[in-house]
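Examining the three-dimensional arrangement
Listed below, chain by chain, are the residues.
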Amino acid sequence: MDFVPDRLAYSKNDPDYRFIAVREPLRRPPLPGMEDDLELSVPAMEMPDRGWYKIRGIVTNRELPGDEVVRWYRERCGKGEEVHGVLKEDLAGGRLPSGQFGANAAWWAIAALAFNLNSAVKQLALGGQWVDKRLKAVRFALINLAGRVVCHARKLLIRLARGHPSFPLLAGAHRRIAALAHGPP
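In what follows, the accompanying structure is described. Numbering of residues starts from 1 in every chain and runs along the sequence as written. Where totals are concerned, whole chains, interfaces and linings use all residues; where local detail is concerned, this predicted model gives features only for residues with pLDDT of at least 70, and gives and counts side-chain atom pairs only at 80 or more. To obtain the side-chain values, all non-hydrogen atoms of the structure were used and water was disregarded.

1. Here's the deal with the pairing of strand 5 (residues 155-160)
Burial status follows relative accessibility: with a 1.4 Å probe on protein chains alone, a residue under 20% of its type maximum counts as buried, one over 50% as exposed, and anything between as partly exposed. Numbering of helices and strands runs from the N terminus, with a helix taken as a DSSP run of H or I at least four residues long and a strand as a DSSP run of E at least two residues long. Here strand 5 lies mainly on the outside; zero of its six residues are buried. By the convention used here, strands pair only if DSSP detects at least 2 bridges between them. Of the pairings in the sheet, the one linking strand 4 (residues 147-152) to strand 5 comprises six bridges and is antiparallel in character. Directly across from Val150, in strand 5, lies its bridge partner Leu157. Connecting strand 4 to the antiparallel partner strand 5 that follows it, the hairpin turn spans two residues, and Ala153 within it adopts a positive phi of roughly 55°.

What follows is the structure, encoded as structure tokens:
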């Protein structure tokens, strides 16, 4: 990496945000005579006597040195596409219900809320191996269970078959949720 500004990269209007420009050499420079027809997925520029570079910008509020911010940014690369895929496929965000912008915006907001709730439940209640599972896996293991809903003594209960493999996971999640409701000791 040739250039990562660090000290001078803070915004005057909002000192909490920092703007980092990253300049990297292109692996394959354009063919001679094709510079004007250059179509890349990232902006590029030619520097005299140094060759072609791709340019990226990062806006951050992290207080790490510039090279560590760039490293962190690259490590999380692809997560945005994964989230977008889950929203579109698992939560029906890709099938908008209407031709009206407002209704579609509400549909997308509900899908985003469901995604955030799903992520919180996986991290706080299920934990362990369930944190990285897609919603489909959670749905088949925990949500689409055959059971009986019973109202007894002003409580809503779910009765599962004896020895159901999901029972220990559900009981542990119930304990963690109850602990969250009561707050820290």
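2. Concerning helix 2 (residues 79-90)
For helix 2, with twelve residues, the first-to-last C-alpha span of 15 Å sits near the 16 Å given by 1.5 Å per residue. Following helix 2 by one or two positions, Ala92 adopts a phi angle in the positive range, close to 60°. For a helix, the expected span equals 1.5 Å multiplied by the residue count minus one.

3. Here's the deal with the pattern of salt bridges
Pairing between side chains becomes possible if they bear opposite charge and their charged atoms approach one another. Think of a salt bridge as a Lys or Arg side-chain nitrogen and an Asp or Glu carboxyl oxygen that are within 4 Å of each other. Taken as a whole, this structure holds two salt bridges when the rule is applied. With its nearest N and O atoms 2.6 Å apart, the salt bridge here joins Glu24 to Arg74. One end of the pair, Glu24, is in strand 1 (residues 18-25); the other, Arg74, is in helix 1 (residues 66-75), with 50 residues separating them in the sequence. For Arg74, a relative accessible area of 35% translates into the label partly exposed.

4. A word on the packing of helix 3 (residues 101-126) against helix 5 (residues 167-182)
Between N-to-C directions, angles cover 0 to 180 degrees, with each direction set by a line fitted to C-alpha atoms, over the stretch in contact for helices. One can describe the packing of helix 3 onto helix 5 by two numbers: an axis separation of 8 Å at closest approach and a directional angle of 95°. In terms of axis orientation, helix 3 runs roughly perpendicular to helix 5. For the pair formed by helix 3 and helix 5, the contact residues are Leu124, Ala125 and Leu126 on the first element and Leu169, Gly172, Ala173, Arg176, Ile177 and Leu180 on the second. Residues of the contact of helix 3 with helix 5, tallied by class, amount to seven nonpolar, one polar and one charged. Oblique is the label for any angle not under 35 degrees, not over 145, and not in the 65 to 115 range, which are roughly parallel, roughly antiparallel and roughly perpendicular in turn. Throughout, a contact is declared for two residues whenever any of their heavy atoms are within 4.5 Å. For this scheme, ten residues count as nonpolar: Ala, Val, Leu, Ile, Met, Phe, Trp, Tyr, Cys and Pro. Four count as charged, namely Asp, Glu, Lys and Arg, and the remainder, Gly too, count as polar.

5. What to know about the side chain of Asn104
Tracing the chain through its elements places Asn104 in helix 3. Sequence-distant contacts of Asn104, that is, excluding residues within four places in its chain, are made with Leu96, Pro97, Ser98 and Gly99.

6. Here's the deal with the sheet that holds strand 1
With antiparallel pairing, the three strands of this open sheet are ordered in space as 1-3-2. With one partner strand each, in any of the chains shown, strand 1 and strand 2 (44-47) form the two edges of the open sheet. With direction set aside, neighbouring strand axes in the sheet form an average angle of 35°. In this structure, strand 2 lies alongside strand 3 (residues 51-60), joined through four bridges in antiparallel fashion. Pairing of Met47 across the sheet is with Gly51, part of strand 3.

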